[in-house]
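# Examination of the molecular architecture
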Amino acid sequence: MKLLSRLFKKTPPKIATIEEQIQALAQQSDAQLISLATADGDDSLREAAIAKLNYGSELRALALAGNSVRIQNAARKRIGQLLDSKDLTLAQLAQDFPKQLELMSVVGYSTSASLELLEQISSPVLLLQLACEAGTTQIRQAAAARISEREHLEQLAKAAQTKDKNVYKSVRARLDVFKAQDAKMAELDAAAQLICGKLEKHAKLDADTLFKARLAVLQQEWNSLGDGLSASTAARYAAAANACEAKISARAEAIAQEEERQLLDQQALELARAAVANAKAFLGEIYAVADVEQLLEINYEHKLQELAQAIRLAANRNLALDSLNREFEFHKKQVLSLVEQIKGAGTVSQLRAQLQSAENTDLAQAAVHKLKPLLKSAQEFALESYPAVVTETRAALEQWLQERAALEQSAKNVLREFSDLTRKGLWSVEQGFVRKGRAIQKELNEKRQQIADLPKAVQAKFEEFEQQLGKLGDWHEFAVTPKKEALIVQMQQLIGNSMPPENLATKIHELQDSWKEVSKGGQQQDESLWQQFHQASEQAFAPCKEFFDAQAAAREQNLARRRDMLTQLESYLASYNWASADWPSVEKTLKVARQEWQQYWPVPRKAGNELQHAFEGLMEQLFAKITAEYENNKVAKQHLIESAQALVAAADTRASIDAVKKIQTQWKTIGKSWYKEDQQLWQDFRQHCDAIFARRNQEMEAVNNQRQASVQQAQTLLVRLEAVLALELPQLVAAKADIETIKNEFFALDLARDAAGKLNARLSNTLAAIAEKIDQERNKAEVQSWQDLFAVCNAIREFELAVIAAEAEPVLAEKKEALGAAIANMSRWPSGSSSLVQQRFAKAEAIGEQNQVANTELLRILTLRAEILAGRESPEQDKALRMNYQVQQMQQAFGSRDNSFEPLVLEWIALGGVKTDIYNSLLARFNACREAGVKK
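Going along each chain's sequence as written, the residues are numbered from 1 onward. This being a predicted model, a pLDDT of at least 70 is required before a residue's local features are given, and a value of 80 or more before pairs of side-chain atoms are given or counted; all residues contribute to the totals for chains, interfaces and linings. Side-chain numbers here rest on the full set of heavy atoms in the structure, without hydrogens or water.

The secondary structure content of the protein chain amounts to 38 helices and zero strands. The classification of residues rests on relative accessible area computed with a 1.4 Å probe and restricted to protein chains. Under 20% of the type maximum is buried, over 50% is exposed, and intermediate values are partly exposed. Among the 936 residues that make up the protein chain, the fraction classed as buried is 33%. Whether two residues are in contact is decided by their heavy atoms: any pair within 4.5 Å suffices. Long-range contacts, defined here as pairs at least 24 residues apart, represent 70% of the contacts in the protein chain between residues at least 6 apart. In short, Shrake-Rupley with a 1.4 Å probe defines the accessible areas, and a residue's cover is counted only from the protein chains shown. About 57500 Å² of surface is accessible on the protein chain, with carbon and sulfur atoms providing 52% of the total. A run of DSSP states H or I qualifies as a helix once it reaches four residues; a run of E qualifies as a strand once it reaches two. Both are numbered from the N-terminal end.

Quick look at the structure:
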């Protein structure tokens, strides 16, 4: 039975795995999920259950400190999910977590909620803590961005340097702004002090003509500094500026007195000059008088005396008036001389009237003889402006003289022309030119009427010419008639002739030319013979008229077309925009115009020649423009070739490349030149450009090789620099020169662009780490030195207490020996403290209870002074003592106080024997003040 029962016993249920339990959470109720999340069990199962919890007290409890970090983070993640899904609000969560820091920790897994909460935080301390300890870099950066005080930024920079580089860089950038402001303020104050020094030095100079200008420059420099200067600097500037203004005022008063004296002298000088000018102007008044009686009424002698009196008054100012006196006397003599001339000859007005109304030349000559001296004197007087009567009279005299000379010259010219014509007439008669002789005879008769008295010699030649011309005319008429009759017969023979029209017309024209030749010079034309010849000419020419009319019509049509072409070409040349011409089109226009012009032929000869000349002129203008363009293009390309050739030898290849690219662009914009020259120019230009680009390729290859070697060298230098970080402070300080050498060698390297950024960042980070380590080590050493100092002072104080307590000599001797060894073993003393400690140690055995009481009181006062300096409150029991001390200080030194803690520390070291409980209390207060002062 036992065996059977064992065989048929039910199999126990299989235990589910963690994964299966996690999968089964989807079917669990909220109570079951809470039970799994809060019960002790597998953390993975608890995390999965927490991830499904709704917000409630259980989830809040799991998110607080006290749970395991894993469970706490799981609960906070779930809260973050609920916040991001809007199933939970920040306001609701803030009611359950009233503490901001705790609330910030809980919402850490929701970036949006964290940032929203961060905006509500105003406490710099809390922001500083979040910037250092927040769970995500985004929150840390946002908190860091909210911090503005320099003190907190410096604390954050130290904390974030090794934790969050992004926060560190952001903080360092803002600290750099503060440092830049400090440097700027220091620079501003230095500049202000420099200006004050210049102004003080300037105030010691004499106030010359440039004094005020230099002061204005210094004031402008001061005003350009703006606000923010210290009150002491501003007071110093104001004192120096006032001193300068005082000197300017004194100088201005002296100048005013001098200007008043100069004004009086100027007025006296102007009075003398006015007298001279009036004396000179008086000459014009005398010239303007109408007659001698009016001259006597002017009372010129009295007026001259008044002007002389003005000169004497001006001389009372002790001015140099010699030249003005001489000029006045000269004008005075001119006035008197002019009066005498007018009395003897008459006034200018009277003489001009006499000249204009003279009935004969003799009277006019007499008036001119008297006018010339008067007008010459006026010119010698060199007046600024002459009276109108003088100007008008001078013009009238010049006109009379010109008319007189013109008449005389005209008579001479007519007589000379008459004599020349008579001579030419005698020559034409001698040569048998009847017609020309008779034309000269007619012109001589016309000119004879213009000559009043003909010289006898000229009259004899004229009479001889008329006699010879009469004889030649009679003979000429007798010889010409037979020739005319023969020409009539020849013309009649051409009537009805069958020769070609061109030849027939030529023969008719030849006979007509012969008729004209034999008809020259005849007194009469034999009208009957001429009518016969003319009628025969008309009948003979009748067959040619139709032929020549057709040819004339064709020529006129061609002529009209050529005129139209000329009009079009002129308009083309005048209206075409040559500044932006299409030169291939212009060349085509030139070629087509010549072809079309040749088609319009024949044309009338005379008119055609004129048009041909005009056409050639227009073609020359058009071709000249094309030629000028070609030459300009040629010159422009030659200049570009010269520029490219110069770039081949230039030292700066990159600049050469940029320049040659610009030159190539310019080349494309230039039109063509003569074909062969253009091809040669292009070959020369291309050769220089290729040489520049080839040199660029060679240099780039060499630079790339050099930069690769520089990268390897830079990496070697960085390894050397990073090895410095392992050194201690003394070795770090000693390695300063080596660090500077590495930096200089690194910065001297020409690094490739793709590697330079990482290498420079690596260098900057290493240098920053070295500087930070040096600062940290020095700070530690400084802090340690102060700790050691106060430790030694405390040991001396304990020895002093033993002396006051009168302990046994062996004990005192042992303590003294140990204390001396401790003092001797001090490796570093704060500045000025070593000698004071030695002096206190030397006096320690002589201290007594009276010293103890006095030093205790002094030490308490010293602590109060430290609290006053640091701006800290004193304990209630010492407030009365502090107030009393401050009142005494105000009475003794008008409230002035030292702004440094160093004197207080040195006084502290000298005070010994204070009891332990009092000393420790005062020391704690004193150190707190000192540390606060160091932070400031």
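That shown, we press on.
In a pair of packed helices, the angle between the axes and the distance between the axes together describe the arrangement. Between helix α33 (residues 809–824) and helix α34 (residues 833–843), the least distance of the axes is 12 Å, while the angle of their chain directions is 170°. Classified by the angle their axes make, α33 and α34 are roughly antiparallel. Along the contact surface, α33 presents Lys816, Leu819, Gly820 and Ile823, while α34 presents Val837, Gln838 and Phe841. Each residue receives one of three labels: charged for Asp, Glu, Lys and Arg, nonpolar for Ala, Val, Leu, Ile, Met, Phe, Trp, Tyr, Cys and Pro, and polar for the others, Gly being one of them. Split by residue class, the contact of α33 with α34 holds four nonpolar, two polar and one charged. Simply put, an axis is a line fit to the C-alpha atoms, just over the touching stretch for a helix, and the angle between two N-to-C directions goes from 0 to 180 degrees. By definition in this entry, angles of less than 35 degrees are roughly parallel, angles greater than 145 are roughly antiparallel, angles of 65 to 115 are roughly perpendicular, and the rest are oblique.

What follows deals with the confidence of the model for the protein chain. Within the protein chain, residue pLDDT values average 76, and 84% of them lie at 70 or more. pLDDT is a residue-level measure of predictor confidence that goes from 0 to 100. No element of the protein chain has a lower mean pLDDT than helix α1 (residues 2–7), which averages 36, and none a higher one than helix α35 (residues 849–870), which averages 86. Counting interchain partners and residues more than four positions distant, the pLDDT-below-50 stretch residues 1–12 has zero contacts. Low pLDDT, under 50, characterises residues 893–897; the predicted model gives this stretch six contacts beyond four residues in sequence or across chains.

What follows covers the nonpolar core. Working definition of a nonpolar core: buried Ala, Val, Leu, Ile, Met, Phe, Trp, Tyr and Cys residues. They are joined through side-chain atoms within 4.5 Å. Counting 35 residues, the largest nonpolar core has Val837, Leu859, Trp908, Tyr919 and Phe926 as its most contacted members. Only α32 (753–804), α33, α34, α35, α37 (902–910) and α38 (916–935) provide two or more residues apiece to this core. The biggest single contributor to this core is α32, with ten residues. If you look at the next biggest cluster of nonpolar residues, it comprises 26 residues, including Leu53, Tyr55, Ile79 and Leu82.

Turning next to the packing of aromatic side chains. Ring pairs are drawn from Phe, Tyr and Trp, using the six-membered ring of Trp, whenever the two centres fall within 6.5 Å, and their geometry is named by plane angle: stacked under 30 degrees, edge-to-face over 60, tilted for the rest. Enumeration over the complete set of coordinates arrives at nine aromatic pairs. Residues Trp597 and Phe615 carry aromatic rings whose centres are separated by 4.0 Å and whose planes lie at 10° to one another, so their mutual orientation is stacked. Taken together, the residues span a long stretch of sequence, with Trp597 in helix α26 (residues 583–599) and Phe615 in helix α27 (residues 605–648) at a distance of 18 residues. Judged by relative accessible area, Phe615 falls into the buried class, the value being 1%. One aromatic cluster is present, built from ring pairs that chain together Tyr572, Tyr576 and Trp578.

For Arg562, the location among the structural elements is in helix α25 (residues 527–575). No salt bridge is formed by the buried Arg562, whose closest oppositely charged neighbour, Glu616, lies at an N-O distance of 8.3 Å. Filtering out sequence-adjacent residues up to four positions away, Arg562 remains in contact with Trp597, Tyr600, Trp601, Val603, Leu611 and Gln612. Neither His nor the chain ends is counted toward charge; the positive residues are Lys and Arg and the negative residues Asp and Glu. We count a salt bridge whenever a side-chain nitrogen from Lys or Arg sits within 4 Å of a carboxyl oxygen from Asp or Glu.

Bringing the packing of α32 against α33 into the picture now. The contact between α32 and α33 brings their axes to 10 Å, and the two run at 165°. Classed by the angle they form, the pair α32 and α33 counts as roughly antiparallel. Helix-helix and strand crossings are classified by hand; for α32 and α33 the assignment is left-handed. Residues Val792, Ala795, Ile796, Phe799, Ala802 and Val803 of α32 form the contact with α33, whose participating residues are Leu812, Lys815, Lys816, Leu819 and Ile823. In the contact of α32 with α33, the residues fall into nine nonpolar, no polar and two charged. A clockwise turn of the near helix away from the far one marks a right-handed crossing, whereas an anticlockwise turn of less than a right angle marks a left-handed crossing.

Right, let's get into the environment of Arg326. Here Arg326 is to be found in helix α18 (residues 322–345). Judged by its relative accessible area of 55%, Arg326 is exposed. Between the alpha carbons of Arg326 and Val276 there is a distance of 9.6 Å; along the sequence they are 50 residues apart.

Moving on to α34. The set of residues buried in α34 consists of Ser833, Val837, Arg840 and Phe841. In a view along the axis of α34, the buried residues occupy a sector of 100°, so they form one face of it. Opposite its buried face, α34 presents the exposed residues Ala842 and Lys843, each directed more than 90 degrees away. Those residues of α34 that are buried lie in contact with α32, α33 and α37. Think of it as the arc spanned by the lines of direction from the helix axis to the C-beta atoms.

Now for the pattern of salt bridges. Summed over the entire model, instances satisfying the criterion amount to 16 salt bridges. One salt bridge connects Asp878 with Arg860, and the closest N-O pair in it is separated by 3.7 Å. Of this pair, Asp878 sits in the loop between α35 and α36 (879–893) while Arg860 sits in helix α35; the two residues are 18 residues apart in sequence, bridging distant segments of the chain. Overlapping salt bridges, with partners in common, bring together Arg860, Glu867, Asp878 and Arg925 in one network.

Moving on, we come to the environment of Thr716. As for its placement among the helices and strands, Thr716 is situated in helix α29 (residues 675–723). In this structure Thr716 comes out as partly exposed when scored by relative accessible area, which is 47%. Along the chain, Thr716 and Ile742 lie 26 residues apart, while their C-alpha atoms are 9.9 Å from each other. Between N or O atoms, a polar contact is any pair within 3.5 Å; within protein, one atom must be a potential hydrogen donor and the other a potential acceptor, and residues adjacent in sequence are included only when both atoms are from side chains. Within the local environment of Thr716, its side chain forms a polar contact with the backbone oxygen of Gln712, the two atoms lying 3.0 Å apart.

On the secondary structure map, Glu867 appears in helix α35. Polar contacts involving the side chain of Glu867 include one to the side chain of Ser874, which spans 2.4 Å. Non-local contacts of Glu867, meaning those with residues more than four positions away in its chain, are made with Arg872, Glu873, Ser874, Pro875, Arg882, Arg925 and Cys929.

What follows deals with unusual backbone geometry. Omega for the peptide link from Trp601 to Pro602 comes to 10°, which places this bond in the cis form. Despite not being glycine, Ala806 shows a phi value in the positive range, around 60°. Accessibility expressed as a relative area gives 60% for Ala806, which makes it exposed.

Of all the residues in helix α4 (residues 43–50), the buried ones are Leu45, Arg46, Ala48, Ala49 and Ile50. The secondary structure elements touched by the buried residues of α4 are α2 (18–24), α3 (30–38), α5 (57–63) and α6 (69–84).

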